2 protein chains.
Amino acid sequence: MSEFDRGIALTARGGGRYEGELGEGWRIGGGVNGGLLLAFAGHALSLAAGPHRDPVSVSGYYLSASVPGPATVDTEIVRRGGSLTTGTAVLLQDGEERLRVLATYGDLDAFEGEVRTTAQPPVMPPPEQCIGVEHAPKEMIAEAALLERFDLRLDPATVGWALGQPSKEGRIQGWFRLADGRDADPLSLLLVADALPPVTFDLGLPGWAPTVELTVHVRCRPAAGWLRVVHATRNLAGGYFEEDAEVWDADGRLVAQSRQLARAPRQWGTRRS
Amino acid sequence: MSEFDRGIALTARGGGRYEGELGEGWRIGGGVNGGLLLAFAGHALSLAAGPHRDPVSVSGYYLSASVPGPATVDTEIVRRGGSLTTGTAVLLQDGEERLRVLATYGDLDAFEGEVRTTAQPPVMPPPEQCIGVEHAPKEMIAEAALLERFDLRLDPATVGWALGQPSKEGRIQGWFRLADGRDADPLSLLLVADALPPVTFDLGLPGWAPTVELTVHVRCRPAAGWLRVVHATRNLAGGYFEEDAEVWDADGRLVAQSRQLARAPRQWGTRRS
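Everything numeric here is computed off the predicted structure, so don't read it as measured data.

Peer 1: An account of the interface of chain B and chain A is requested, with residue identities and associated values reported.
Peer 2: Facing the 60 residues of chain B at the interface are 60 residues of chain A. Considering only the surface of chain B that becomes buried against chain A, Tyr61(B), Arg219(B) and Arg234(B) emerge as the three largest contributors, covering 14% of it. Between Glu246(B) and Arg234(A) there is a salt bridge, with its nearest N and O atoms 2.6 Å apart. Our enumeration of links across chain B and chain A arrives at 46 residue pairs in polar contact (both at pLDDT 80 or more). Elements represented by at least two residues in the side of chain B that touches chain A include exactly strand E5 (54-62), strand E6 (69-80), strand E7 (85-93), strand E8 (96-106), strand E9 (115-117), strand E13 (211-218), strand E15 (240-248) and strand E16 (254-263) of chain B. Tallying contributions element by element places E16(B) first for the side of chain B that touches chain A, with seven residues. For the side of chain B that touches chain A, the residue count by class is 22 nonpolar, 20 polar and 18 charged. Both strand E14 (residues 235-237) of chain A and E9(B) contribute to a ladder of three bridges, which runs antiparallel. Within E9(B), the position partnered with Ala237(A) by the bridge is Val115(B).

Peer 1: Account for the relation of the copies chain B and chain A, naming residues and giving values.
Peer 2: Note on the identical chains: chain B maps onto chain A by a rotation of 180° and an axial translation of 0.0 Å, with an RMSD of 0.0 Å. Given the turn and translation reported, the copies of this chain are related as if by a two-fold rotation axis.

Peer 1: Summarise helix H2 (residues 34-49) of chain A; cite the residues concerned and give the values.
Peer 2: Residue and element names in this part refer to chain A. Its 16 residues give H2 an end-to-end C-alpha distance of 22 Å, which sits within 8% of 22 Å, the value for a rise of 1.5 Å per residue. Of all 16 residues making up H2, 15 are buried, and the element is well covered by its neighbours. Put simply, asparagine 33 is the residue that caps the front of H2, since its side-chain oxygen is 2.9 Å from the backbone nitrogen of glycine 35.

Peer 1: Which residues make up the UniProt feature "domain: Acyl-CoA thioesterase-like N-terminal HotDog" (unreviewed entry) in chain A, and what values do they have?
Peer 2: Under the present numbering, the feature "domain: Acyl-CoA thioesterase-like N-terminal HotDog" (unreviewed entry) in UniProt falls on residues 24-106 of chain A. Taken end to end, residues 24-106 of chain A comprises 19% helix and 54% strand; its first and last C-alpha atoms sit 31 Å apart.

Peer 1: Kindly report on the environment of Ala262(A), identifying the contributing residues and their values.
Peer 2: Residue and element names in this part refer to chain A. Within the secondary structure, alanine 262 is located in strand E16 (residues 254-263). Each C-alpha atom, one on alanine 262 and one on leucine 236, is 9.5 Å from the other, the two residues being 26 residues apart in sequence. Discounting chain neighbours no more than four positions away, the residues touching alanine 262 are Ala209, Pro210, Thr211, Val212, Gly239, Tyr240 and Phe241.

Peer 1: Lay out the confidence of the model for chain A in plain terms, naming residues and giving numbers.
Peer 2: Residues and elements named next belong to chain A. Mean pLDDT over chain A works out to 95, with 97% of the residues at or above the 70 mark. Every residue in residues 268-273 is under pLDDT 50, and counting partners more than four places away or in other chains gives twelve contacts. Overall fold confidence for the complex sits at a pTM of 0.97, while the interface term, ipTM, reaches 0.96.

Peer 1: How would you summarise the pairing of strand E8 (residues 96-106) of chain A if you had to cite specific residues and measurements?
Peer 2: Residue and element names in this part refer to chain A. For E8, the buried fraction is high: ten of the eleven residues fall into the buried class. Strand direction decides the pairing type here: strand E5 (residues 54-62) and E8, joined by eight bridges, are antiparallel. For tyrosine 62, the partnering residue across the bridge sits in E8 and is leucine 99. Bridge analysis of strand E7 (residues 85-93) against E8 gives nine bridges, and the strand direction is antiparallel.

Peer 1: Please set out the side chain of Thr85(B) residue by residue, giving values where relevant.
Peer 2: Tracing the sequence through the fold places Thr85(B) in strand E7. In contact with Thr85(B), not counting residues within four places along its chain, are Ala49(B), His52(B), Ile77(B), Arg79(B), Arg80(B), Ala103(B), Thr104(B) and Tyr105(B).

Peer 1: Account for the environment of Gly14(B), with residues named and values stated.
Peer 2: Inspection of the secondary structure puts Gly14(B) in strand E1 (residues 10-14). C-alpha separation for the pair Gly14(B) and Asp74(B), spaced 60 residues apart in sequence, amounts to 9.7 Å.

Peer 1: Hey, could you go over the pairing of E7(B) for me, with residue numbers and the actual values?
Peer 2: Residues and elements named next belong to chain B. With nine of nine residues buried, E7 is to be regarded as a mostly interior element. Both faces of E7 are covered, namely the face carrying Thr85, Gly87, Ala89, Leu91 and Gln93 and the face carrying Thr86, Thr88, Val90 and Leu92. Linking E6 back to E7 in an antiparallel pair, the connection comprises four residues. Where E7 folds back on E8, the antiparallel hairpin that results is connected by two residues, among which aspartate 94 adopts a positive phi of roughly 50°.

About the criteria used
Residues numbered from 1 in each chain as written. Chains lettered and ligands numbered in written order. Predicted model: local features only at pLDDT ≥ 70, side-chain atom pairs only at ≥ 80, totals over all residues. Heavy atoms only, no water. Contact = heavy atoms within 4.5 Å. Buried area = accessible area lost by both parts, 1.4 Å probe. Salt bridge = Lys/Arg side-chain N within 4 Å of Asp/Glu carboxyl O. Polar contact = N/O pair within 3.5 Å; in protein donor to acceptor, adjacent residues only side chain to side chain. Helix = DSSP H or I, 4+ residues; strand = E, 2+ residues; numbered from the N terminus. Nonpolar A, V, L, I, M, F, W, Y, C, P; charged D, E, K, R; others polar. Pairing = 2+ DSSP bridges. Least-squares fit on C-alpha atoms with pLDDT ≥ 70 in both. Expected span 1.5 Å × (residues − 1). Buried < 20%, exposed > 50% of the residue type's maximum accessible area, 1.4 Å probe, protein only. UniProt positions renumbered as here; feature names shortened; annotations may be inferred. pLDDT = per-residue confidence, 0-100.

Structure, rendered in structure tokens:
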């Protein structure tokens, strides 16, 4: 079983309740990666929403920091339609709510209509010329077991921050696949939307940037192979920033788009707790 | 009392329940404007979340078409934090769920931190040189009582679609204020994020584009005066499209950002119901 499937594995307890475990291997900073949490809860909703098993739009609101260990997801389907089903999910640990999700699911294979995408994928060197995790600062890897789950190769043009020279443009991009070779699928795209380092690193602001809210639109079942991921921010202000991500598959399809609102990393003198 | 405040007026019934009326004046196409619905439910959450009375991130999932008439909002606060409060809202009419909302509220006046916004406001002629609603095709105004609530002046460069010559760029922009002169505030920004005509008009696709999901980030209390609003799409595919909106105030602040996922307008031969 792949690491990702182990990471989101669930046992159905009936009544919309599912139980699983948040693994140590998905740790980042002081908690568990937000994308993994979204995929964990998203997996429960996928089981509850069948036959509309694919996430289409998933909004997660992060309430308290998750920790490795048992976790429960309580789901409720609020509407079953002809092509879309909407439901909610509450991810709890020890009775404390970590994440609340509101989402719409469908059958991506049934989506019909021309592809008239005008967005363009990020332009970057091939994966073998990009910078893998093994080059990351040691202190970053020590705090981020998460990085060992990924084969993430960052565009050299957007890793200046790792060498003390952030571009200040507010963009990071690279190639992504899971380290154990598992192909991407709609649920794993929920993880990928939050897999890159905080874009604020590229603004010269180190430190973790806790997610307040993350909404992912899954637009297409991803082809097998490398994904290209880019995220950027244009509105760092008032102690918060938005982080817009795009995920492109090997067929050149824009398979997922996401936006999160996050708290800016703590800077001396510029932000209250 | 302003039209907008009448449009979102609520009576508290206790237990997180609020009652009001969706007015005829907010009709568009076959239903009630999605932004007005978000502001209506958002108003209930604002009352329930106090002192965190300002929307910060609001995600609405649209389940069935609303109609003018009585409406109830049932709210539940799921977390009260030091600076942010998160809750849910269910908008019902006759026991049918129209809209479910998951949102985080705060006090925008307490947000601290430099403004390092790199995004740029839309460039367009002044309001007096833009195209007001009175120039809209008659059949559009007949179906959209909503337009009479707005003093909306569209950039001539982005109204070709109204004359049978869509630019095909997938962008519409203009100046916005409420027709009765009420200044913008954080709640009204939820309306403004969905106030422009569907961006698919500019792709040469007439017809209404029902919203599946709309998430609005309110980043700043808007200054009084004209707002500039722009929305665009880059990923029309598989029968759906995303519509990204930005709202800029008279002080040049990017006060709100939103993204919605909508169903592409029905085209002969290209989309199932």
